[in-house]
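# Chains, contacts and geometry: an overview
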Amino acid sequence: MKKVGIIGVGEYLPKKVLANADLEKMVDTSDEWITTRTGIKERRLASNDEAASDLAIAAAKEALSSAKLAPEDLDLIIVATITPDMPFPSVASIVQNALSAKKAAAFDVSAACAGFVYALSTAQQFISCGVYKNALVIGSEKLSSVTDWKDRNTCVLFGDGAGACVLGEVKDGGIVATYLGCDGSNLNLLNLPAGGSRIPASHETVDQRLHYIKMNGNELFKIAVRTMTDAALTVLEKAGLKFSDIDLIIPHQANSRIIMAVAKRLGLTEDKIFLNIEKYGNMSSASTATALVEAAKEGRIKKGDIVLLDAFGAGLVWGAAVIKW
Ligand code: UT7
């Protein structure tokens with residue numbers, strides 16, 4: 001089996017900033033509540049003419065340039081997203097066309113907030129067994145398009161953005177282990193009810209606001225802490241490593257209290273946790289992706305470091321990965 005590593009990173013965050021103070025004018029909330037309950041201060045919003053593919057393409061271009069590869073070098077494009085431009089074709093197809101990545105196969109992965117780790121692990125399998133050489137993995141979301149801006153329980157949480165990585169064969173290190181999982185018995189805790197084949201779009205579904213994210217945050221919170229802790233323990237065991245070996249944990253950014261509770265259970269100090277939730281809120285698949293990209297760009301990850309990705313979301317699904325940088 002070949003060793004597979006991240007050889008290029010890129011991101012794109014829309015320019016428009018929506019601060020907690022702006023939300024105070026939209027729903028019955030406060031900067032104080034949002035900050036203390038979630039750790040979020042502001043989030044980015046894509047413009048009306050930007051879809052998930054536009055964010056993905058911008059992040060992909062930066063990742064390709066950082067990997068010093070041309071689009072024609074790509075064999076595979078996987079986009080993790082739950083806010084595709086349209087139900088079909090895939091965002092990955094749109095990205096493939098925009099980049100002119102002529103020889104790349106392309107598909108989307110739907111695994112909500114764990115989507116980027118699912119996509120990373122999928123791409124790794126293709127390269128490690130020698131089927132493909134280079135893969136582009138993107139987490140891209142325009143969650144503002146499915147956010148109910150009248151529901152204070154959810155609208156303060158989400159944002160838009162994209163992060164991308166190019167994967168290729170490496171001599172040392174790379175992805176050491178991954179662990180993916182699902183418990184479909186709790187589908188109802190976080191979903192977007194209408195617009196699919198179960199409840200197709202109709203005037204009624206629009207009137208009932210069924211095209212927006214519905215979430216039982218309180219229940220999810222407890223499961224998130226438990227599941228992310230277990231996923232971290234399992235992937236480390238698969239990697240044959242101990243917690244003291246971790247240089248940086250890059251968790252899904254749903255709530256800083258969830259992240260701190262997981263870190264406490266794992267005995268990790270604050271300097272070993274990467275956070276960007278304050279700037280961007282929860283961007284589902286794009287959260288882990290941009291956090292990894294920013295940690296690399298900011299020099300928080302150095303060559304040889306052990307990085308742990310740990311994500312959890314709707315499905316319920318979880319994904320963790322250990323990477324030697
Ligand atoms: O990304 C995938 C997975 N997602 C998650 O894991 C999200 C997990 N859940 C959470 O992050 C938290 O549960 C939330 C941030 C969503 C909510 O925090 P909480 O501490 O669990 O609050 P709560 O839902 O228990 O609500 C506490 C109170 C309620 O008022 P009452 O009933 O106690 O009077 C809510 O109505 O806070 C109220 N509340 C708000 N108040 C001001 C809920 N949203 C807001 C708001 N501003 N935006």
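Reading the values: rules and limits
Residues numbered from 1 in each chain as written. Predicted model: local features only at pLDDT ≥ 70, side-chain atom pairs only at ≥ 80, totals over all residues. Heavy atoms only, no water. Axes fitted to C-alpha atoms, helices over the stretch in contact; angles between N-to-C directions. Helix = DSSP H or I, 4+ residues; strand = E, 2+ residues; numbered from the N terminus. Parallel < 35°, antiparallel > 145°, perpendicular 65-115°, else oblique. Left-handed = near helix turned anticlockwise from the far one by under 90°. Contact = heavy atoms within 4.5 Å. Nonpolar A, V, L, I, M, F, W, Y, C, P; charged D, E, K, R; others polar. Near = heavy atom within 4 Å. Polar contact = N/O pair within 3.5 Å; in protein donor to acceptor, adjacent residues only side chain to side chain. Domains from an automatic or database assignment. Buried area = accessible area lost by both parts, 1.4 Å probe. Salt bridge = Lys/Arg side-chain N within 4 Å of Asp/Glu carboxyl O. Pairing = 2+ DSSP bridges. Buried < 20%, exposed > 50% of the residue type's maximum accessible area, 1.4 Å probe, protein only. Phe/Tyr/Trp six-rings, centres within 6.5 Å; stacked < 30°, edge-to-face > 60°.

## Notes on the packing of helix H8 (residues 217-239) against helix H9 (residues 256-266)
Closest axis-to-axis distance for the H8/H9 pair is 9 Å, and the angle between their directions is 40 degrees. One finds that H8 runs oblique with respect to H9. The chirality of how H8 crosses H9 is right-handed. Between H8 and H9, the residues in contact are Phe221, Ala224, Val225, Arg226, Met228, Thr229, Ala232 and Leu233 and Arg257, Ile258, Ala261, Val262, Arg265 and Leu266, respectively. Broken down by class, the residue content of the contact of H8 with H9 amounts to 10 nonpolar, 1 polar and 3 charged.

## Focus: the packing of helix H5 (residues 115-128) against helix H11 (residues 285-297)
Where H5 contacts H11, the two axes come as close as 6 Å, and the packing angle between them is 70 degrees. When the interaxial angle is binned, H5 and H11 end up roughly perpendicular. For the pair H5 and H11, the contacting residues are Gly115, Phe116 and Val117 in the first and Ser285, Thr288, Ala289 and Leu292 in the second. Of the residues belonging to the contact of H5 with H11, the class tally is 4 nonpolar, 3 polar and no charged.

## Details of the site of the ligand
Inspection of the region around the ligand gives 25 residues, with Thr29, Arg37, Asn218, Asn255 and Asn282 positioned closest. Within the side chain of Trp33, one N or O atom sits 3.3 Å away from an oxygen atom of the ligand. Within the side chain of Asn255, a nitrogen or oxygen atom sits 2.7 Å from an oxygen atom of the ligand. Every element with two or more residues in the shell around the ligand is listed here: helix H2 (31-38), helix H6 (152-155), H8, H9 and strand E12 (306-313). Considering every element that reaches the shell around the ligand, the biggest residue donor is H8, with 5 residues. Of the residues in the shell around the ligand, the class split is 12 nonpolar, 9 polar and 4 charged.

## What about the domain arrangement of the protein chain?
Once the domains are mapped, the protein chain shows domain 1 (4-172) and domain 2 (176-324). Between the C-alpha centres of domain 1 and domain 2 the distance comes to 14 Å. Listed by partner, the interface residues are 47 residues for domain 1 and 43 residues for domain 2. Taken over both partners, the interface formed by domain 1 and domain 2 buries close to 3600 Å², and the fraction arising from carbon and sulfur atoms is 64%. Where domain 1 meets domain 2, there are 3 salt bridges. Arg209 is the partner of Asp148 in a salt bridge, and the nearest nitrogen-oxygen pair spans 2.8 Å. Where domain 1 touches domain 2, the interface holds 18 residue pairs in polar contact (both at pLDDT 80 or more). Among the elements of the structure, strand E1 (4-12), H2, strand E3 (42-45), H5, strand E6 (135-142) and strand E7 (160-169) are those that each provide at least two residues to the side of domain 1 that touches domain 2.

## Focus: the sheet that holds strand E11 (residues 248-251)
The strand order across the open sheet formed by 4 strands is E8-E13-E12-E11, and the pairing between neighbours is mixed. Each end of this open sheet is capped by a strand with a single partner; those strands are strand E8 (174-182) and E11. Strand-to-strand twist across the sheet, computed as the mean angle between neighbouring axes with direction ignored, equals 10 degrees. Packing against the sheet, H8 makes contact with E8, E11, E12 and strand E13 (317-324), and its axis sits at approximately 145 degrees to E12.

## Focus: the environment of Ala296
Relative to the elements of secondary structure, Ala296 occurs in helix H11. Considering only alpha carbons, one finds Ala296 and Gly8, 288 residues apart in sequence, at a separation of 9.7 Å. Setting aside residues no more than four positions away along its own chain, Ala296 makes contact with Val9, Ile301 and Trp325.

## A word on the environment of Val17
Note that Val17 resides in strand E2 (residues 16-19). Sequence spacing of Val17 and Ala46 is 29 residues, and the spatial spacing of their C-alpha atoms is 9.2 Å. When sequence neighbours within four positions are dropped, the list of residues in contact with Val17 reads Asp22, Glu42, Arg43 and Arg44.

## Examining the pairing of E1
Sheet faces and side chains relate simply in a regular strand, where the side chains alternate between the two faces. The element E1 is largely enclosed, with a buried count of 8 among its 9 residues. Of the strand pairs in this sheet, E1 and E7 are connected by 8 bridges, and their pairing is antiparallel. Note that in E7 the partner of Glu11 across the bridge is Gly163.

## A word on the sheet that holds strand E4 (residues 76-80)
Spatial strand order, E1-E7-E6-E4-E5: 5 strands in an open sheet with mixed pairing. This sheet does not close on itself; its edge strands, each paired only once, are E1 and strand E5 (105-109). Neighbour-to-neighbour, the strand axes of this sheet turn through a mean angle of 20 degrees, independent of strand direction. Sheet strands in contact with helix H3 (residues 52-67) are E1, E6 and E7, and its direction is about 130 degrees off that of E1.

## Re the packing of aromatic side chains
Across all of its chains, the model carries 1 aromatic pair by this definition. Considering the side-chain rings of Phe126 and Tyr132, the 5.2 Å spacing of their centres and the 35 degrees angle between planes classify their relative orientation as tilted. According to the relative accessible area criterion, Tyr132 is partly exposed, its value standing at 24%.

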